[in-house]
Amino acid sequence: MLTVVLSGLRARWASFLGGFVALALGVGLLAVMGLGLSATFDAPERSPQRFASSPVVVQGQDRLTLDVRRGPETVSVAQRLDRPQPVDNNLLRELKARWTLTATGGPDAIGLDAPAAEVRALVGDRAQVLTGDERRRADPGSERDADALVGLNALLGTSGGVTAFVSVFVVASTFAFAVALRRREFGLLRTAGATPGQIRRLLLAEATALGVLASAAGCALGALGAPLLARTLVDGGLAPEWFTVGGPAWPFHAAFWTGVTVALAGAVAASRRAGKVGPTAALREADVDTDTLPLGRAVLGTGLLLAGLGLLAWTYATDPSALLKRKTYTTLPMLLITGIALLSPLLVRPVARLLRLRGAVGTLVRENSAASVRRTAAVAAPVLVTVALAGTLFGSATSVTRAKGVEAREQTSAQYVVRGTELKPVPAPAGAVVSPTGPTSVFVRDGDAAVVKYGARAVTDPAAFAELARLPVVAGDLRDLDDRSIVVNEEFERRRVGESVEVWRADGTGPVRLRIAAVLALGTGDNGPYVTRANAPGSAPDRIDAHGGGTATVRALEASGGTVATADAWAEAERPSNGSPQARLGMALVLGIALVYTVIGLANTLLMATSVRGGELASLRLAGATRAQILRVVTGEATLAVAIGTLLGLAVTALVLGALGAGLAALSAPVALALPWTTVGAAAGACAAAAIAASALPAWRLTR
């Protein structure tokens, strides 16, 4: 058996080249993503910067710790404050009386040269005592770096998931089509006495050999590509400047065995199908596509398609806001893509028959595509993946950011908006209304089992705010907001006007009981809560809305130290239609993975398919077809298959964007759907170029 396997690999190396490259690339990417993920789990140890010369640091509390219920037990949970609390003045005097201060870092932290145990005994629970590497927590960028690592972890996890999905998809499709082209060979082996079990073991052995070799090559690629990924992430602003990858060996083990598993998984279905081929049936069906959609494939495809549609409907019904999240519109389309791809042979023949192409070349393109369903579907499937991911990723992200921009503009009647950090107070000129607001946070218990941190806005002048704001109020009145009340959204557990809600402020002080003055629709996620400055300690205005007053208002706003813009210009700049540069880089990474795999899959499929059509092309030449006509037929078939894959990808995009639009409407947010025609067109164009080249080159060689 081993001799037959190795001989087959040597004889048909060209047929296995595409699968080898796809699998090696997939393993390499998985290794790179695994190394990146391990770096986000275990960030490199960095020496303290702010208090490098102080052996002991006393810092104000930077966590709100509350007890919650976990089943029959009570446990403590901690939520990070916006900024550490200042060190108590009484504690500061006690510390100064006993030890010498080595550094002062502002009101929130001081450095001491003192025994750590004695400092802890004196401080107690009034503040934190940091020693050794823990002193990094007092550095100003430590929390920002931690947030960057969390976002990076999500990005690399998503990219790794897409890599695994597309690699399985392409490798399985490649094996299935390669088996379909080898039916005559299997028929001859069956005639020579080979059993169905031996045919299956032959294919599985080939897949194992291919998987081991490709996985080893992929691990080597991963070791070379990991430093490049780190530099790209740092240069793109997705990772801190100190971010590096490398070190642990588990990503290589995970990637290697995943590659072998993917190769075997891709070959299992194909081997089962090959084992069912009888000697005479294989010879009779060698050049005709019949039974292109077996019962098992039809059931699996229908199940995955219904599962994808069901999850979309369930998410819309239970949590519409989840449809706006990148995790949802990245993962859910995979079910739809796989389901439609498995059912694609049912769609190929009707779509091809609908075409009315003129002339002999057009007729041949239409009839060949309709007759060779497996070949057409094998070409359309990877195109479907790329177009669907391009449409759902970029389309959903663009739609969400557009909806946020429209929502932001609709929620204020201001003529001018000022943005900046710690804006100076602005007196309202005659005839003008000026409303400063700033960022803050509130902490609220969600039942007995959780504490939720909400990003909120602090209102300086409630009357001016109520006059300028056009928030989606579903109950109550914004004019009732005062120092003893709060405006909440529908996400709050308590959301009935007049009820009291227990709130901890941004600095951890509280709890205070605030009456609910108004309830807002959830929208795209930026609607509330709102409190007054009295319940937002440490908050400084970063936005000023103004209306009326003419040029006097503009001059007054310019004195605030921020950037003055019209409300329309502010809304356009605040929510760019294509999202942040970091988000675009992340989506481009995912789409780039899919596009590379698609090119590999197209090239491999069409090279194999066209290379075995020598007899057919020779017959066309004998019938009077010119070499140029034959090339147009072959490339026309490839183009038609790409067009079918594009249409199927657009169908998936329409389903996802339709569910997103319904979710926005359910959240009372503006529905501003956008299909990224440029991105989708570029992806489809790249697929068409690869398909035409991969079909034209072997056809040109065969017709010399």
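Q: Looking at this structure, how should I read the overall build of the chain?
A: Helix and strand content of the chain: 20 helices and 16 strands. Put simply, the chain has 704 residues, and 49% of those count as buried. Long-range pairs, those at least 24 residues apart, make up 80% of the contacts in the chain between residues at least 6 apart in sequence. Of the roughly 31100 Å² of accessible surface on the chain, a fraction of 59% belongs to carbon and sulfur atoms.

Q: Just to check I follow, could you spell out the nonpolar core for this structure?
A: Note that soluble globular proteins tend to have their nonpolar side chains buried in a common cluster. Grouped together as the largest cluster of nonpolar side chains are 88 residues, with contacts concentrated most on L152, L233, F243, I337, L384 and V652. Here this core takes 17 residues from helix 13 (residues 373–410), the largest share from any one element. Discounting chain neighbours no more than four positions away, the residues touching L384 are I337, I340, A341, G645, L648, G649 and V652. Core analysis: the second largest hydrophobic core is formed by 16 residues, V444, V488, L514 and V519 among them.

Q: Would you take a moment to explain the pattern of salt bridges for this structure?
A: Oppositely charged side chains can form a pair if their charged atoms are brought close together. On inspection of all chains with the given rule, the structure shows 13 salt bridges. Note that R515 is salt-bridged to D482, the shortest N-O span being 3.9 Å. Residue R515 is found in strand 13 (residues 512–520), and its partner D482 is found in the loop between strand 10 (473–476) and strand 11 (485–489); the two are separated by 33 residues along the sequence. The partner of D545 in a salt bridge is R543, with the nearest N and O atoms 2.8 Å apart. For R543, a relative accessible area of 18% corresponds to the buried category. Three or more residues joined by partner-sharing salt bridges are found here, namely R419, R457 and D542.

Q: What am I meant to see in the packing of helix 13 against helix 20 (residues 677–702) here?
A: Two quantities define a packed helix pair, namely the angle between the helix axes and the distance between the axes. Two numbers describe how helix 13 lies on helix 20: the axes approach to 9 Å, and their chain directions differ by 165°. In terms of axis orientation, helix 13 runs roughly antiparallel to helix 20. The hand of the helix 13/helix 20 crossing is right-handed. In this structure, helix 13 uses V383, T386, V387, A390, G391 and F394 to contact helix 20, whose residues at the interface are T679, V680, A683, A684 and C687.

Q: I keep staring at the packing of helix 13 against helix 16 (residues 567–574) and nothing clicks. Help me out?
A: Two elements in contact, helix 13 and helix 16, have axes separated by 9 Å at closest approach and are oriented at 155°. Comparing their axes, helix 16 and helix 13 come out roughly antiparallel. Seen along the crossing, helix 13 lies across helix 16 with a hand that is right-handed. On the side of helix 13, the interface is formed by G405, A408 and R409, while helix 16 contributes A567, D568, W570 and A571. Considering only residue class, the contact of helix 13 with helix 16 consists of four nonpolar, one polar and two charged.

Q: Help me understand a nonpolar patch on the surface, please; the structure alone is not making it clear to me.
A: Where nonpolar side chains cluster on the molecular surface, the patch consists of L306, L309 and L655 and spans about 250 Å² of accessible area. Residue placement: L655 occurs in helix 19 (residues 627–666).

Q: Which parts of the structure should I look at to understand the pairing of strand 1 (residues 56–59)?
A: As a general feature of sheets, a regular strand has side chains that alternate between the two faces. Of the two faces of strand 1, the one lined by V56 and V58 and the one lined by V57 and Q59 are each fully buried. Here strand 1 pairs with strand 5 (residues 109–112) via four bridges, running antiparallel. Bridge pairing links V56 to L112 in strand 5.

Q: Help me out: how do you make sense of a negative patch on the surface in this one?
A: Where like charges cluster on the molecular surface, the negative patch consists of D319, D446, D448, E491 and E493. Within the secondary structure layout, E493 lies in the loop between strand 11 and strand 12 (500–504). Relative accessible area serves as the criterion here: at 47%, E493 is assigned to the partly exposed category.

Q: I would appreciate a short explanation of the packing of aromatic side chains in the present structure.
A: Two aromatic rings are characterised by how far apart their centres lie and by the angle between their planes. Inspection of every chain in the model, using the stated rule, returns three aromatic pairs. Seen in terms of ring centroids, Y454 and F492 are 4.3 Å apart; in terms of plane orientation they differ by 20°. Their pairing is stacked. One end of the pair, Y454, is in strand 9 (residues 450–459); the other, F492, is in the loop between strand 11 and strand 12, with 38 residues separating them in the sequence. When sorted by exposure, Y454 lands in the same class as F492, which is buried.

What counts as what
- Residues numbered from 1 in each chain as written.
- Predicted model: local features only at pLDDT ≥ 70, side-chain atom pairs only at ≥ 80, totals over all residues.
- Heavy atoms only, no water.
- Helix = DSSP H or I, 4+ residues; strand = E, 2+ residues; numbered from the N terminus.
- Buried < 20%, exposed > 50% of the residue type's maximum accessible area, 1.4 Å probe, protein only.
- Contact = heavy atoms within 4.5 Å.
- Areas by Shrake-Rupley, 256 points an atom, 1.4 Å probe, with all protein chains shown as cover.
- Core = buried A, V, L, I, M, F, W, Y, C linked by side-chain atoms within 4.5 Å.
- Salt bridge = Lys/Arg side-chain N within 4 Å of Asp/Glu carboxyl O.
- Axes fitted to C-alpha atoms, helices over the stretch in contact; angles between N-to-C directions.
- Parallel < 35°, antiparallel > 145°, perpendicular 65-115°, else oblique.
- Left-handed = near helix turned anticlockwise from the far one by under 90°.
- Nonpolar A, V, L, I, M, F, W, Y, C, P; charged D, E, K, R; others polar.
- Patch = residues over 30% accessible without salt bridge, like charges linked within 9 Å, V, L, I, M, F, W, Y side chains within 5 Å.
- Pairing = 2+ DSSP bridges.
- Lys, Arg positive; Asp, Glu negative; His and termini not counted.
- Charge placed at Lys NZ, Arg CZ, Asp CG, Glu CD.
- Phe/Tyr/Trp six-rings, centres within 6.5 Å; stacked < 30°, edge-to-face > 60°.

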